[in-house]
Amino acid sequence: MSGSSPALKAYAEVLRLVRRLPPEVRSYYSRFARENFATYNDEVDPSTISSLLHRAYEHSCWVLAKRID
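The text that follows walks through the structure, step by step, so that each part is easy to find.

So, how was this worked out
- Residues numbered from 1 in each chain as written.
- Predicted model: local features only at pLDDT ≥ 70, side-chain atom pairs only at ≥ 80, totals over all residues.
- Heavy atoms only, no water.
- Helix = DSSP H or I, 4+ residues; strand = E, 2+ residues; numbered from the N terminus.
- Expected span 1.5 Å × (residues − 1).
- Buried < 20%, exposed > 50% of the residue type's maximum accessible area, 1.4 Å probe, protein only.
- Arc of directions from axis to C-beta.
- Contact = heavy atoms within 4.5 Å.

Re helix H2 (residues 23-39)
The first and last C-alpha atoms of H2 sit 25 Å apart over 17 residues, in line with the 24 Å expected at 1.5 Å per residue. Burial in H2 covers these residues: Val-25, Tyr-29, Ala-33 and Phe-37. Along the long axis of H2, the arc covered by the buried residues comes to 100°, so they all point the same way. Opposite the buried face of H2, at more than 90 degrees from it, the exposed residues are Glu-24, Ala-38 and Thr-39.

Observations regarding the environment of Ser-60
Among the secondary structure elements, Ser-60 is positioned in helix H3 (residues 46-68). Taking the C-alpha atoms as reference, Ser-60 lies 6.8 Å from Val-14; in sequence the two are 46 residues apart. Here Ser-60 is in contact with Val-14 and Leu-17, once residues within four sequence places are set aside.

Structure follows, in structure tokens:
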């Protein structure tokens, strides 16, 4: 995902969503996001990148819903 504009935009959006979480869990989820995006930094296959971005979105929605309940 290196230098990939959609990946960078997704990462920025995930970090914006993290700011909506309670302060006591923000550092955990921001670190979790950073580590996961870094893990797939070298991915070049568009299909795999699309799948990873979709998973990031789904996980973000799940975390936000979990924190609201």
